[in-house]
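Chain by chain, the residues run as shown.
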Amino acid sequence: MVKKYGLRLNKLRLLFVFGGIVFLAISGCSNNEKGNAINDEEYLAEGKKLATVHCSSCHQLPDPALLDSHTWETGIMPAMAPKLGFTSFMGNYLVSASTAISKEDWYKIIAYYKNRSPKKMLIPKPNAVKDWAIFSLQQPQQTDRKGRQAMTTMVAFNPNDNHIYTGDAGNNLHKWGSSLNPVLVKQFDSPVTDVNFFKTASEPNGAVVTCIGILPPNDALKGELINIDLNSKSEKKNTKLITDSLPRPVKSAYADFNKDGLTDYVSCGFGRNRGGLYLIQQQPNHRFIKKAIKAIPGATQVFTGDFNNDGWPDVACLFAQADEDIWLFLNDKKGGFTSQNLMRFPSVYGSSSFQLIDVNHDGKLDIVYTCGDNNDFSPVFKPYHGVYIFTNQGNWKFKQTYFYHINGCSKAIAADFDHDGDLDIAVIAFFPDFKYYPEEGFTYHEQISPGKFKVHALPINQYGRWIAMDVNDIDHDGYPDIILGNFSFGAKGLMTQKDVEPNWDMYEPFIVLHNKAKK
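Residues numbered from 1 in each chain as written. Predicted model: local features only at pLDDT ≥ 70, side-chain atom pairs only at ≥ 80, totals over all residues. Heavy atoms only, no water.

Here the focus is the pairing of strand β16 (residues 299-305). With five of seven residues buried, β16 is to be regarded as a mostly interior element. Sheet topology note: the β16/strand β17 (residues 314-319) ladder contains six bridges and is antiparallel. Looking at β17, one finds that Thr 304 is bridged to Val 315. (Buried < 20%, exposed > 50% of the residue type's maximum accessible area, 1.4 Å probe, protein only. Helix = DSSP H or I, 4+ residues; strand = E, 2+ residues; numbered from the N terminus. Pairing = 2+ DSSP bridges.)

This is the structure we're talking about:
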């Protein structure tokens, strides 16, 4: 009897709740229609003021012109509504106990972005020469075309044993010799997304691998940093856990930050809604203590170096989730860091990589930066996606001196590929225009005069979809070569263009672009 009446009561509650939702949705329609249709200057000005207050509290205030009106209305606004306590329902917004502003004010913000944004984005056309430039192609000799599709998560060349190493979504770490035949090194508990090779007296061929935990965006504390002896014959004894419980770590770096003779680490916990840049400090007993340097999600790439020339190692990190920016963390010589923001980007940019390097040889570190992550709430082509150079004007102030548009640009590495004394740039894009310009998946930017580049689009798009890249002198001829990792996945959710089917190799894990400039 109790269960029977309890069931009826639950049904009545459901009807009441659903009726309330319908009422809220209906009551909100007039506001929604008003916010969408109105083009009153005062109303839109109020919307801009409200956006400045509420949207810029978490990230740089985005200009409406950065996206088309349809994307603002159907992509960004429904995704941002929960941040202010609203629930998107059937094209309307429902209030809750946690709603931070009135519904009327929310519709003013929507109206501002919808009415002040373009109907269509103008995307630049590529201006690249389609050729092989100074490179030739090498492919693995053994590719299993009946098994798992290639989902490479990491590629790197190890100068200690002259092997290429790759990680994949199957949690495997493989090594490949000069003939590019694979040998399974180890299977971890999750995919390897980064590796740092090192050489010591006790471990002449060591590595520290970053294991992401769960590959898709999440906040689970499943990531690990693991030391592996690559020369060890015992698979059970060749690894040692450095730290665990990291939020989806993607990159790590190392240095002796407190100058105690022991190696410490920093790791990018990208996470999703939570994350951070973490210091993993080695203790005298060789155990590690982990603490957050900056506890926000989106840490995606990190470098260490003595950036202020005081003899102590510092950290530079790119954050790419919501508040997209590059931070410099200077060693305070007391076990911590002082932070300095170098650059900040709009929240819709999709920041994807950076490199601190002296591009113009003036003794100051410049920034090579890419943006193009389109696995977000605005999966449309954007005119500001591509590769940038920001030149250091002194005192860590930067000026943009180069931009080349590349749809879905994901990583750039600068090096003197042709040995003419200046730096060139190798660039990959994971979300290129597969339909009309698939060659922009990899481009080589040859610097032909100071600050001027000739762009080469290599015809390698049929060999894979490039998500990982490493630059190193693989054949020891003095000229840097390029390794490209193929994450061949082309399902819905990882494709900007819905009407395009994958036409690249789905099984080749990586390719090598050998530099033949010397020949």
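Next comes the rest of the description.
Another point: the packing of aromatic side chains. Inspection of the entire model under this criterion finds 29 aromatic pairs. With a centroid separation of 4.6 Å and 10 degrees between ring planes, the pair formed by Tyr 349 and Tyr 384 is classed as stacked. Residue Tyr 349 is found in the loop between β19 (337-345) and β20 (351-357), and its partner Tyr 384 is found in the loop between β21 (366-371) and β22 (386-394); the two are separated by 35 residues along the sequence. The exposure class assigned to Tyr 349 is buried, which follows from its relative accessible area of 14%. Consider the rings of Phe 430 and Phe 487, whose centres lie 6.2 Å apart with planes at 65 degrees: the pair is edge-to-face. Placement of the pair is Phe 430 in the loop between β25 (424-429) and β26 (442-449) and Phe 487 in the loop between β29 (481-486) and β30 (510-515), with a sequence separation of 57 residues. In this structure, Phe 430 and Phe 487 share a single accessibility class: buried. Among the aromatic residues, those joined into a cluster by ring pairs are Phe 345, Tyr 349, Tyr 369, Tyr 384, Tyr 388, Phe 390 and Phe 403. If you follow Lys 259 out to its NZ or CZ, it ends over the ring of Trp 312, 4.6 Å from the centre. (Phe/Tyr/Trp six-rings, centres within 6.5 Å; stacked < 30°, edge-to-face > 60°. Lys NZ or Arg CZ within 6 Å of the ring centre and 35° of its normal.)

In terms of nonpolar packing, the biggest core is built from 44 residues, with Trp 106, Ile 109, Ile 367 and Tyr 369 touching the most fellow members. Broken down by element, the residue count for this core peaks at seven residues, all from helix α4 (residues 103-115). Aside from chain neighbours lying at most four places away, what touches Tyr 369 is Leu 318, Glu 324, Ile 326, Phe 345, Tyr 349, Ser 351, Ser 353, Phe 354, Gly 386, Val 387, Tyr 388 and Phe 390. (Core = buried A, V, L, I, M, F, W, Y, C linked by side-chain atoms within 4.5 Å. Contact = heavy atoms within 4.5 Å.)

Before going further, it helps to spend a moment on the side chain of Asn 205. Summarising the element assignment, Asn 205 is placed in the loop between β8 (192-198) and β9 (206-211). Judged by its relative accessible area of 3%, Asn 205 is buried. At 3.1 Å, the side chain of Asn 205 forms a polar contact with the side chain of Asp 161. Ignoring any residue separated from it by four or fewer positions in sequence, one finds Asn 205 in contact with Asn 158, Asn 160, Asp 161, Tyr 165, Phe 198, Ile 228, Asp 229, Leu 230 and Asn 231. (Polar contact = N/O pair within 3.5 Å; in protein donor to acceptor, adjacent residues only side chain to side chain.)

Looking now at the pattern of salt bridges. By the definition in use, this model includes eleven salt bridges. Of the charged contacts in the structure, one is a salt bridge between Lys 130 and Glu 439, with a shortest N-O distance of 3.5 Å. Here Lys 130, found in the loop between α4 and β3 (135-138), pairs with Glu 439, found in the loop between β25 and β26; they are 309 residues apart in sequence, far enough to count as distant. Take Lys 130: its relative accessible area is 58%, and that puts it in the exposed class. In this structure, the salt-bridge partner of Asp 362 is Lys 364, at a minimum N-O distance of 3.0 Å. Assessed through its relative accessible area of 30%, Lys 364 is described here as partly exposed. (Salt bridge = Lys/Arg side-chain N within 4 Å of Asp/Glu carboxyl O.)

Turning next to unusual backbone geometry. At Leu 180, a position not held by glycine, the phi torsion is positive, near 60 degrees. Tracing the sequence through the fold places Leu 180 in the loop between β6 (172-176) and β7 (182-187).

Spatially, β16-β17-β18-β19 is the arrangement adopted by the four strands of the open sheet, whose pairing is antiparallel. Each edge of the sheet is formed by a strand with only one pairing partner; in this case those strands are β16 and β19. Within this sheet the neighbouring strands show an average axis-to-axis angle of 15 degrees, counted without direction. (Axes fitted to C-alpha atoms, helices over the stretch in contact; angles between N-to-C directions.)

Averaged over all residues, the pLDDT of the protein chain is 90; the fraction at 70 or higher stands at 92%. Note that residues 1-37 has pLDDT below 50 and, in this model, 29 contacts with residues that lie over four places away or in other chains. (pLDDT = per-residue confidence, 0-100.)

Within the span of helix α3 (residues 69-80), buried status applies to Ser 69, Thr 71, Trp 72, Gly 75, Ile 76, Met 77 and Ala 79. Looking at the buried positions of α3, the neighbouring elements they touch are β2 (92-94) and α4. Regarding α3, its N-cap is Asp 68, as a side-chain oxygen of that residue lies 3.2 Å from the backbone nitrogen of His 70 further along.

What follows deals with the pairing of β29. Taken across its six residues, β29 has six buried, putting it largely inside the fold. The pairing of strand β28 (residues 466-472) with β29 spans six bridges and is classified as antiparallel. Residue Trp 466 lies in a different strand from β29, and its bridge partner there is Asn 486. Relative to β30, β29 runs antiparallel, the two sharing four bridges. Bridge pairing links Gly 485 to Phe 510 in β30.

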